[in-house]
Each structure stands twice: as C-alpha cells, then as structure tokens.
2 protein chains.
Amino acid sequence: MNQGMTIGQAAKSSAVSAKMIRHYESIGLLPKAQRTEAGYRLYDDSDVHTLRFIQRARSLGFPLETIRTLLALWRNRRRSSAQVKELSLRHVAELERKIAAMQAMVRTLKHLAHNCHGDDRPECPILDDLAFSNQKSEVRSQN
Amino acid sequence: MNQGMTIGQAAKSSAVSAKMIRHYESIGLLPKAQRTEAGYRLYDDSDVHTLRFIQRARSLGFPLETIRTLLALWRNRRRSSAQVKELSLRHVAELERKIAAMQAMVRTLKHLAHNCHGDDRPECPILDDLAFSNQKSEVRSQN
DNA sequence: GCTTGACCTTCCCATGATGGGAAGCTCCAT
DNA sequence: ATGGAGCTTCCCATCATGGGAAGGTCAAGC
C-alpha cells in the first residue's frame, strides 16, 4: 500500500475519515489529490504523513485554521520555532480559558446538587437558583 | 415595563438577545409569544422570568434540550428533586469529561512547548510530535 | 461475460448555539 | 410628514463532523 492508495486506505492509515479527507481538500488544507482515470483520488505515503499530522494536531485541539499555519511552518525550512511555540501557547491559553469556565460551572453545579435532597419531594435548590439567578444568593457569589 | 413589553425590552431584562428569544420560540422552548395587531411580540414579567431561567441554565452550560426538561420540571409541582439532581449531575459528568480531555491536551502541549527553544531556529519538538505522532515517544505516553 | 458487493464520486442536509444582515413594516417624536 | 429606532421574516455563516442518496467503478466469483 505504498504508492497510490485509495481514499479508504488513506483513511485507515491516517485515522482521518474519508469524509474529512475530502473536506480538508475542499477547504484547501490539503492540495487537490491526484486522480485515477475513473476519478478516484489517489494518495501516497507523503499524503498520509500530512494526514497524520493533521489528525494529531486535531487531537490536541488545534482548530483547522491554526493547523493550516502549522502545516505551512512544518514545510518551511526557514521557519522559526518561536512561531510554532507562539501558536501552541496561544492555543494552550484558549484551552485553559475554556477549562476555567467549565470548572466554574462544575463548582456551582456541585454546590447546588450537594444541597439538593434528590428525593421524591419537589423542593430543589438547583431549580431555585435557575429561577432566581437575577437575585443575590450565596451560590451565585461563587461565580 | 411591567406588562406587555416588546422583544427588545424583554431581551434587556433577561440578558437573552432578541435573536435568541425568537430562536427559542421557534424550537418550542418558549411558547409562541402574544402579538400586537401589527405583529410585534409581547412579553410580560412571567416570560422574562422564564427567559432568565434559560439564561442562567445556559450560563451553567446546560444544553437547550436539557433546559427544555428543566423548564418542564420547574413548572411541574409534582416533580421529584431527584430528577433535577440527576440531570445536573449528568451534566457535571459531561463537563468533567470535556475538562479532562482539554487538560490532557494542555499537559501535552505544555510539555512540548517547554522543550521548544522558541527562537529563530527551525528545530521544533512540537512539529516533530505532530509529524511523527504515529510513532512511540515519551511525549505521547502522557496521553 | 455478467452479477454482486465493496468502494468510490458529488451533492445536500444536520448538528448546537449564536450572530450578521437584508428587505420591508411599524411606531413615535419632531 | 419624515426620520430613525425597533420590529418582522428569511437566508447565510460559524466549526468540525457525519449521514445518506444517487450513481459510477472495480474486482471476484460463477
């Protein structure tokens, strides 16, 4: 399966679905694939290498637009590692921002749930919070 | 502004954009608003209360479909607090799942960035990881 | 040679929550 | 009466991904 595999084989080799490979091509993240006479896309090891790069970057949460830049840097022998590091640390900051936001939600929810009996009765501090969130309460001061 | 405010006023009172209020109505999260003869939507304090409930639930990260259920429970005098608590704790679990995934990304990225000089030279462990993620490395064993 | 099934193609639609913006109508103050 | 703010509906975009239809291709087995 070295030279000239179909999209299905490239998908298996790279852990990127055929659907996504086509999509990446359509948005110009990948160059247009070669085609057989019948119109089937053909991929070689170099293409699979690129796909794995994208797959790994996605698994680290990089958005496709950032991956576009990372790919360009990867291919550019005159890149500076500072650019790559900068992109990565910006991404880390973004992840940490989202993590912090979700942790705040978790903290509040756990607090509310802790005070909720969770039995057959209707009284529920969680609903009370949702219903009166505009008013002051100890719970809300958590955020 | 007690009875019969327009969507713009309801939006300000609830911190839910007019756009979203219309959207919530369109997906049946809110009942169809009353209308003036000219077709303008009209809202009262009760509607604003519901909107604030939704806004608060959204700020805690609940998806709209869960909020639909929470609203029904809120209105149901015969609810059990156990149902509410259950929904909340499921949501907490989901949040924690996402947090853990992002934390793993952050850990890996920080490790890679730590080993990257971040200077004018092209050598970059971050790109190396992305390019060879299919092979074994110390870094990858973090995940 | 022909059928069958797996694989490929393109195209459209859906997700989830939100916003932008156009075209056109309404309301109120000047 | 005019202007501007605010309302209406409708369409499109985001972001990454998948589902599925309709139709073409290829290889294996009969």
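Residues numbered from 1 in each chain as written. Chains lettered and ligands numbered in written order. Predicted model: local features only at pLDDT ≥ 70, side-chain atom pairs only at ≥ 80, totals over all residues.

Draft legend 1. The arrangement of the overall build of chain A in detail. A count of helical and extended segments in chain A gives 6 helices and 2 strands. Scanning chain A from its N terminus toward the C terminus, one meets helices and strands in the order α-α-β-β-α-α-α-α. The C-alpha radius of gyration computed for chain A amounts to 24 Å, which surpasses the reference 15 Å derived for 143 residues by more than 25%, pointing to a less compact arrangement than a globule. In terms of principal-axis extent, the alpha carbons of chain A reach across some 70 × 40 × 20 Å. (Helix = DSSP H or I, 4+ residues; strand = E, 2+ residues; numbered from the N terminus. Rg over C-alpha atoms; globule rule 2.2 N^0.38 Å.)

Draft legend 2. Geometry of the protein's contact with DNA strand D. Residues in close proximity to DNA strand D total 18 residues, the closest being Ala38 and Pro63 of chain A together with Thr6, Gly8 and Arg41 of chain B. Mapped onto the surface near DNA strand D, the elements with two or more residues apiece are α2 (18-26) of chain A together with α1 (7-14) and α2 (18-26) of chain B. Looking at the surface near DNA strand D residue by residue, the classes come out as 7 nonpolar, 7 polar and 4 charged. (Near = placed C-beta within 6 Å. Nonpolar A, V, L, I, M, F, W, Y, C, P; charged D, E, K, R; others polar.)

Draft legend 3. Summary view of the interface of chain A and chain B. Opposite the 49 residues of chain A that make contact, chain B presents 49 residues. Where the side of chain A that touches chain B is concerned, the elements lending two or more residues are α3 (45-59), α4 (64-75), α5 (81-114) and α6 (125-131) of chain A. Among the elements that make up the side of chain A that touches chain B, the one with the highest residue count is α5 of chain A (21 residues). (Contact = placed C-beta atoms within 7 Å.)

Draft legend 4. Just the relation of the copies chain A and chain B, in detail. Between chain A and chain B, which share one sequence, the superposing operator has a rotation angle of 180 degrees and an axial displacement of 0.0 Å; the RMSD is 0.1 Å. As the rotation angle and translation indicate, the two copies are arranged about a two-fold axis. In terms of proximity to the rotation axis, the leading residue of chain A is Ile99 of chain A, whose C-alpha is 2.8 Å off the axis. A share of 100% of the interface residues of chain A reappears at the interface of chain B, consistent with the copies meeting face to face through the same patch. (Least-squares fit on C-alpha atoms with pLDDT ≥ 70 in both.)

Draft legend 5. Representation of the environment of Tyr40 of chain A. All names here are of chain A. Locating Tyr40 in the fold gives a position in the loop between β1 (34-35) and β2 (41-42). Classification of Tyr40 as partly exposed rests on a count of 13 C-beta atoms within 10 Å. Taking the C-alpha atoms as reference points, Tyr40 and Arg90, 50 residues apart in sequence, are found 39 Å from one another. Excluding residues within four positions of it along the chain, Tyr40 makes contact with Thr6 and Arg35. (Buried ≥ 20, exposed ≤ 12 C-beta atoms within 10 Å, placed from the backbone.)

Draft legend 6. Looking closely at α5 of chain A. With 34 residues, α5 of chain A extends 48 Å between its outermost C-alpha atoms, agreeing within 8% with the 50 Å of an ideal straight helix rising 1.5 Å per residue. All of the buried residues in α5 of chain A are Ser81, Val84, Lys85, Ser88, His91, Val92, Leu95, Thr108, Leu109, Leu112 and Ala113 of chain A. Looking at the buried positions of α5 of chain A, the neighbouring elements they touch are α4 and α6 of chain A together with α5 (81-114) and α6 (125-131) of chain B. (Expected span 1.5 Å × (residues − 1).)

Draft legend 7. Inspection of helix α4 (residues 64-75) of chain B at higher detail. The first and last C-alpha atoms of α4 of chain B sit 16 Å apart over 12 residues, in line with the 16 Å expected at 1.5 Å per residue. Buried residues in α4 of chain B make contact with α6 of chain A together with α3 (45-59) and α5 of chain B.

Draft legend 8. Representation of the confidence of the model for chain A within the structure. On average, residues of chain A score 90 in pLDDT, and 90% of them reach the 70 mark or higher. Under a pLDDT of 50 for its full length, residues 136-143 of chain A has, in the predicted model, 12 contacts with residues more than four places off or in other chains. (pLDDT = per-residue confidence, 0-100.)

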